[in-house]
Amino acid sequence: MSEQFIIAATGCPTGVAHTFMAAEAISQAAEARGIEIKVETHGQVGVENALTPADIERATGVIVAADKDVQAERFQGKPLVDVGVAVAIHEPDQLIDRVLAAAERGARAASSAEGAQGEDGGADAALDHDLLDVDSIETGGSGARRALRAIYKHLMNGVSYMLPFVVGGGVLLAVSFLWGIYSADPESSEYNSFAAALNEIGGVGLGLMVPILSAFIAESVSKRPGLVVGLVTGMIAMNNGTGFLGGIVTGFLSGYGMLGLSKLLSRMPSALNGLKAIFIFPVLGSLVFGLVTVLISAPMAGFSGFLEDFLTGFQGANPVILGLILGVMCAFDMGGPLNKAAYVTGVALLSDGNITFMAAVSAACIAPPLITAIACTLFPRGFEPAERRAGYVNYILGSTHITEGAIPFAARNPLVVIPILMVGSSIASILSLLWGAGSPAPHGGFLVLPIATHPFLWFGAILIGALVGGLLFGLYRTRAARRQALRAEATASDPVPSA
Amino acid sequence: MSIFTQQSIRLGVPARDQRQFLQAVAELGAEQGILEDVPGVVAAMLDREKQSTTALMDGVAIPHAKHEAIRRPGVLVLRSAAPVEWTAGESVGVGVALLVPGAEAGTTHLQILSRVARALMNKGLRETLNGGTEAEIHEALGARLDA
């Protein structure tokens, strides 16, 4: 690794004092370690000691310590630590530690991604394999907007850590069904020990999804103390069948809960800090928020049970109505309680010999990731490079029945995107029912086509639903991107007022 | 007129809480002819504190305000007889106040104020502020303002 060169940008709303104290603190901490540093200040007098493109290019790590916008988008692709200005003043040393660690992760990711990367270059991948580029999500601004962006960033942090588990586990689970639906059941004639192993590996990977989501939402909010409690509560939520939404709830509960707890305990003598980290936080935090999770997971899981009964009652209903219900449910929370209620009902009905219901559920679950993949393919201009990469992966995720692949796209603007996904899922599900497609496998996506009834019709139903949804989603994103570009132009011609 | 003289320092201020401390800041400012509207400037400083505390480490705070009634830029150092509770859990013994005229267009004074802020990151200076005499404080802080 070449010589370290850290760059930083500091800024506070008044731009008189904290901006410069943060700059001084960061400079002193870096110089004390003999690390080269350049700090740009966004004060009331304007930008001083400005970072040049050459500085940014050469930097091995970036610190943003600001409570206002310091144009952090310049640093995209760089190992970056983004904190409030107060953190830099009070803990400059830890901040240097963090940026060095980020730089090291970035260097490792870059070297392992070298060669594998195409024209996009290694810069994006340098962000420690962060598929969704969470670090570049800005949390500047003020008031409610700032709070919402922070919440979005925490959520995306969780999703970004969760997705590899979904993919690894989901694909292996799906592959195991190639040996037959009951290949993991020692009682069955289809039993195959390798398929059973795949099934177990895949199941465990997929099962870690909710705890990991919860843990890394909490980690994003309150770092290590949050991670511990978030993982524990996420595991409880999963064991109690609360699904993806349960993981989100426990993640934020643990993250903000631990933040509150550390505030409460901040008056403790600092001599007890070690005890706090290793004993008090994990014990007290797990106890308090574990209990809360136990209390709230019963009603959350009860809701899922209620939906299951409700759906079973519909199995003989008009295919259009049933397909619509299944499509809306599966696309609503993509792997959450509503989606899983539909899925579990499908599996339960399989044992009654109803294979068309399962095929309709699978169609509705496969459609959302395919919708995003098709939208990224047909309308590349509407999506950012990182999104496009995630979008192309969704061809695989969709084909293997991993609805969760669509989550990052939906999380960005759920009120518009989820209805679009619902439309596509409903079409796929309705057509699958109308054309009498059947699937005897509870999972596996297109891998189970060889054992499906009317496989071509089933595939066609899903394709049509995904195409309609993909067109809608792509058009929406292209329009949104165009509008954003216009806005950016308008503000660029306006001189930016200093705080 | 220099923005920081030995007369800009007042030790043993009998303030009991943050408001009284800021009141003393504004009164000293009025005495020095830096500002006119004492209640207005106090309110401005309180507003700023509400956004986020200006207290740093070692009991030093840097209350500041930009206000129409401030005639010229000034740096004031006040040390209370006993530390006051600044915000919950934070006690402050020394305030290095930065006063900025509302109509100020130039940037020289802003640079001086940012120099104060940078200077306060020095532990030795904070120790002088907490324990030194008026002359020592004037010399230590003044040297960094002129730098």
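Residues numbered from 1 in each chain as written. Chains lettered and ligands numbered in written order. Predicted model: local features only at pLDDT ≥ 70, side-chain atom pairs only at ≥ 80, totals over all residues. Heavy atoms only, no water.

A. Quick peek at the packing of helix H10 (residues 319-333) of chain A against helix H12 (residues 355-378) of chain A. All names here are of chain A. Running from N to C, H10 and H12 cross one another at 40°; their axes reach a closest spacing of 9 Å. Taken as axis vectors, H10 and H12 run oblique relative to one another. For the element pair H10 and H12, the recorded crossing hand is right-handed. Contacts between H10 and H12 pair Leu322, Leu326, Gly327, Cys330 and Ala331 from the former with Phe357, Ala360, Val361, Ala364, Cys365 and Pro368 from the latter. Residues belonging to the contact of H10 with H12 are distributed by class as follows: ten nonpolar, one polar and no charged. (Axes fitted to C-alpha atoms, helices over the stretch in contact; angles between N-to-C directions. Helix = DSSP H or I, 4+ residues; strand = E, 2+ residues; numbered from the N terminus. Parallel < 35°, antiparallel > 145°, perpendicular 65-115°, else oblique. Left-handed = near helix turned anticlockwise from the far one by under 90°. Contact = heavy atoms within 4.5 Å. Nonpolar A, V, L, I, M, F, W, Y, C, P; charged D, E, K, R; others polar.)

B. The arrangement of the sheet that holds strand E2 (residues 36-43) of chain A in detail. All names here are of chain A. Spatially, five strands are ordered E3-E2-E1-E4-E5 in an open sheet, and the strand pairing comes out mixed. For this open sheet the edge positions go to strand E3 (46-48) and strand E5 (80-83), each flanked by a neighbour on one side alone. Neighbouring strand axes in the sheet, compared pairwise and without regard to direction, differ in orientation by 15° on average. Strand direction decides the pairing type here: strand E4 (residues 61-66) and E5, joined by four bridges, are parallel. Its bridge partner being in E5, Ala65 is matched across the sheet by Val83. (Pairing = 2+ DSSP bridges.)

C. Up close: the side chain of Thr345 of chain A. All names here are of chain A. Along the chain, Thr345 falls in helix H11 (residues 337-350). Look at Thr345 and you get buried, because its relative accessible area is 1%. When sequence neighbours within four positions are dropped, the list of residues in contact with Thr345 reads Glu308, Leu311, Thr312 and Phe357. (Buried < 20%, exposed > 50% of the residue type's maximum accessible area, 1.4 Å probe, protein only.)

D. The confidence of the model for chain A, seen in detail. Residue and element names in this part refer to chain A. On average, residues of chain A score 82 in pLDDT, and 88% of them reach the 70 mark or higher. Contacts for the low-pLDDT stretch residues 112-128, under 50 throughout, to residues beyond four places or in other chains number 21 contacts. Below a pLDDT of 50 lies the segment residues 494-499, which in the model reaches four contacts outside its immediate sequence neighbourhood of four places, other chains included. (pLDDT = per-residue confidence, 0-100.)

E. A look at the packing of aromatic side chains. All names here are of chain A. Within this structure, the stated rule accounts for ten aromatic pairs over all chains. Their ring planes at 85° and their centres at 6.2 Å tell us that Phe409 and Phe473 sit as a pair that is edge-to-face. With Phe409 in helix H14 (residues 407-412) and Phe473 in helix H16 (residues 455-492), this pair connects stretches of sequence that are 64 residues apart. Accessibility expressed as a relative area gives 0% for Phe473, which makes it buried. Centroid distance Phe446 to Trp458: 6.1 Å. Interplanar angle 85°. Geometry classified as edge-to-face. A residue pair is termed long-range when its members are at least 10 positions apart, and Phe446 in the loop between helix H15 (414-434) and H16 and Trp458 in helix H16 qualify at twelve residues. With respect to class, Phe446 is no different from Trp458; both count as buried. (Phe/Tyr/Trp six-rings, centres within 6.5 Å; stacked < 30°, edge-to-face > 60°.)

F. Fine view of the interface of chain B and chain A. Facing 20 residues of chain B, the contacting portion of chain A comprises 18 residues. Across the chain B/chain A interface, buried area totals approximately 1,600 Å², and carbon plus sulfur atoms make up 66% of it. The largest share of the area that chain B buries against chain A comes from Leu110, Arg118 and Met121 of chain B, three residues that together contribute 36% of it. Taken together, the connections running from chain B to chain A amount to one salt bridge. Where chain B packs against chain A, one counts two residue pairs in polar contact (both at pLDDT 80 or more). Counting residues per element, the ones that place at least two in the side of chain B that touches chain A are helix H2 (38-51), strand E3 (64-67) and helix H3 (108-119) of chain B. Sort the elements by how many residues they give to the side of chain B that touches chain A and H3 of chain B lands first, with six residues. (Buried area = accessible area lost by both parts, 1.4 Å probe. Salt bridge = Lys/Arg side-chain N within 4 Å of Asp/Glu carboxyl O. Polar contact = N/O pair within 3.5 Å; in protein donor to acceptor, adjacent residues only side chain to side chain.)

G. Expanded view of H10 of chain A. Residue and element names in this part refer to chain A. Here H10 contains 15 residues, and its C-alpha end-to-end distance of 22 Å stays within 8% of the 21 Å for a straight helix at 1.5 Å per residue. Of the residues making up H10, those classed as buried are Leu322, Gly323, Ile325, Leu326, Gly327, Met329, Cys330, Ala331 and Asp333. For H10, the side-chain oxygen to backbone nitrogen distance between the N-cap and Val320 is 2.7 Å, and the N-cap itself is Asn318. (Expected span 1.5 Å × (residues − 1).)

H. Quick look at the side chain of Thr41 of chain A. In this fold, Thr41 of chain A is placed in strand E2. Residues within four places of Thr41 of chain A in sequence aside, it is in contact with Thr10, Thr19, Phe20, Ala23, Gly46, Val47 and Glu48 of chain A together with Arg118 of chain B.

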